[in-house]
Amino acid sequence: QKEVEQNSGPLSVPEGAIASLNCTYSDRVSQSFFWYRQYSGKSPELIMSIYSNGDKEDGRFTAQLNKASQYVSLLIRDSQPSDSATYLCAVKLGGTALIFGKGTTLSVSS
Amino acid sequence: DTGVSQNPRHKITKRGQNVTFRCDPISEHNRLYWYRQTLGQGPEFLTYFQNEAQLEKSRLLSDRFSAERPKGSFSTLEIQRTEQGDSAMYLCASSSPGRNNYGYTFGSGTRLTVV
């Protein structure tokens, strides 16, 4: 069983819509969860971190965490073409290093 | 804060040759990580340092791979006897306790092509 799973997509949404990206993880003791954005040919950049159950909002981004269901999601409101990228979910699974999912490719059409 | 710096940006080498990559982390970050990323995949963890101590290594890190961080500052990743399967983007990241609680800052990566 893969440790961090994401739907690879592509997820296509029209400009202005809400994009919903999902991630599940295997280790119940995980405490730290991160979302990274990666543009084609570039390195990942940190968007958000979340540690407690519930929602965390930062501008157009909302991260949601449900530890009982081992599920973390990222909502992007008012999606823009510039949001088109691969979104990587990362989880600290027991050890120290982050384990990344394969990423979900988001395409926002204008 | 000049970010995480990696050199070289690109490396083309013949199979069987040795290659070495360098990573300069953000100066106040005490943790440094190496990842490898291939097309369509997320970054795969290779190894991590806290200061100069190498604290964790992935099973992906075969005996052809070695990493050092001699003074707890920059780090090098060496691949000996390169194979075509080593072709990938090698990413370095650094972190420290803080607002993002060990969220990483990545460098631009070194793209290795083994021919």
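Please refer to the structure higher up on the page.
Residues numbered from 1 in each chain as written. Chains lettered and ligands numbered in written order. Predicted model: local features only at pLDDT ≥ 70, side-chain atom pairs only at ≥ 80, totals over all residues. Heavy atoms only, no water.

### Comments concerning the overall build of chain B
(1) Moving on: Looking only at helices and strands, chain B has 0 helices and 11 strands in total.
(2) Moving on: Moving toward the C terminus, one meets the helices and strands of chain B in the order β-β-β-β-β-β-β-β-β-β-β.
(3) Moving on: Over its C-alpha trace chain B gives a radius of gyration of 13 Å, about what one expects of a compact globule, namely 13 Å for 115 residues.
(4) Moving on: Within chain B, contacts between residues separated by at least 24 positions form 53% of all contacts whose residues are at least 6 apart in sequence.
(5) Moving on: Just so you have it, chain B exposes about 5900 Å², and 42% of that area is on carbon and sulfur atoms.
(6) Moving on: Put simply, chain B has 15 plus and 11 minus side-chain charges, and the middle of one group is 5 Å from the middle of the other. (Helix = DSSP H or I, 4+ residues; strand = E, 2+ residues; numbered from the N terminus. Rg over C-alpha atoms; globule rule 2.2 N^0.38 Å. Contact = heavy atoms within 4.5 Å. Areas by Shrake-Rupley, 256 points an atom, 1.4 Å probe, with all protein chains shown as cover. Lys, Arg positive; Asp, Glu negative; His and termini not counted. Charge placed at Lys NZ, Arg CZ, Asp CG, Glu CD.)

### Looking at the overall build of chain A
(1) Moving on: The helix and strand tally for chain A stands at 0 helices and 11 strands.
(2) Moving on: Counted from the first residue to the last, chain A has its helices and strands arranged as β-β-β-β-β-β-β-β-β-β-β.
(3) Moving on: Computed over the C-alpha atoms, the radius of gyration of chain A is 13 Å, within 12% of the 13 Å expected from 2.2 N^0.38 for a compact globule of 110 residues.
(4) Moving on: Going through the 110 residues of chain A one by one, you find that 45% of them count as buried.
(5) Moving on: Residue pairs in contact within chain A that sit at least 24 positions apart in sequence constitute 53% of those at least 6 positions apart.
(6) Moving on: Summed over all atoms, the accessible surface of chain A reaches about 5100 Å², with 45% contributed by carbon and sulfur. (Buried < 20%, exposed > 50% of the residue type's maximum accessible area, 1.4 Å probe, protein only.)

### Considerations on the layout of surface pockets
(1) Moving on: The computed volume of the largest pocket comes to approximately 590 Å³.
(2) Moving on: Along the wall of the largest pocket there are 21 residues; nearest its centre are Glu3, Ile99 and Phe100 of chain A together with Glu44 and Arg59 of chain B.
(3) Moving on: For the lining of the largest pocket, the elements supplying multiple residues, two or more each, are β10 (98–100) of chain A together with β5 (44–50) and β6 (53–57) of chain B.
(4) Moving on: Considering only residue class, the lining of the largest pocket consists of 9 nonpolar, 5 polar and 7 charged.
(5) Moving on: Put simply, the second largest pocket is a space of about 470 Å³.
(6) Moving on: Looking at the second largest pocket, it is lined by 24 residues, and the ones nearest its centre are Gln38 of chain A together with Gln37, Thr38, Leu39 and Gly40 of chain B.
(7) Moving on: Put simply, the parts of the chain that give the lining of the second largest pocket at least two residues each are β9 (85–92) of chain A together with β9 (88–95) and β11 (110–114) of chain B. (1 Å grid on protein atoms, 1.4 Å probe; cavity = no way out; pocket = protein on both sides within 12 Å on 5 of 7 lines; lining within 4 Å. Points joined across faces, edges and corners; volume = space filled by probe spheres on them. Nonpolar A, V, L, I, M, F, W, Y, C, P; charged D, E, K, R; others polar.)

### Topic: the interface of chain B and chain A
Where interface size is given, it is often the accessible area lost as the parts come together that is meant.
(1) Moving on: At the junction of the two partners, chain B supplies 21 residues and chain A supplies 17 residues.
(2) Moving on: When chain B packs against chain A, the two sides together hide about 1500 Å² of surface, and 53% of this comes from carbon and sulfur.
(3) Moving on: Inspection of the chain B/chain A interface yields 0 salt bridges.
(4) Moving on: The tally of links between chain B and chain A comes to 5 residue pairs in polar contact (both at pLDDT 80 or more).
(5) Moving on: Sorting the residues of the side of chain B that touches chain A by element identifies β4 (31–37) and β5 of chain B as the ones contributing at least two each. (Buried area = accessible area lost by both parts, 1.4 Å probe. Salt bridge = Lys/Arg side-chain N within 4 Å of Asp/Glu carboxyl O. Polar contact = N/O pair within 3.5 Å; in protein donor to acceptor, adjacent residues only side chain to side chain.)

### Structural notes on the pattern of salt bridges
Residues and elements named next belong to chain B.
(1) Moving on: A full pass over the atoms with the stated rule returns 7 salt bridges over all chains.
(2) Moving on: With a shortest N-O distance of 2.8 Å, Arg22 and Asp24 are connected by a salt bridge.
(3) Moving on: Judged by relative accessible area, which is 25%, Asp24 ranks as partly exposed.
(4) Moving on: Between Arg36 and Glu44 there is a salt bridge, and its shortest N-O distance comes to 3.9 Å.
(5) Moving on: According to the relative accessible area criterion, Glu44 is partly exposed, its value standing at 29%.

### Topic: the state of the cysteines
(1) Moving on: For the coordinates displayed, the defined rule picks out 2 disulfides over all chains.
(2) Moving on: The disulfide that involves Cys23 of chain A links it to Cys89 of chain A, with 2.1 Å between the sulfurs. Classification of the bridge connecting Cys23 of chain A and Cys89 of chain A rests on its S-S torsion, roughly -70°, and on that basis the disulfide is left-handed. Taken together, the positions of Cys23 of chain A in strand β3 (residues 19–25) and Cys89 of chain A in strand β9 put the pair 66 residues apart, joining distant regions of the chain. With respect to class, Cys23 of chain A is no different from Cys89 of chain A; both count as buried.
(3) Moving on: Through a disulfide, Cys23 of chain B is tied to Cys92 of chain B; the S-S separation comes to 1.9 Å. Because the sign of the S-S torsion sets the handedness, a value of about -70° for the bond joining Cys23 of chain B and Cys92 of chain B places this disulfide among the left-handed ones. With Cys23 of chain B in strand β3 (residues 19–24) and Cys92 of chain B in strand β9, this pair connects stretches of sequence that are 69 residues apart.
(4) Moving on: Given the relative accessible area of 0%, Cys23 of chain B is considered buried. (Disulfide = S-S within 2.5 Å.)

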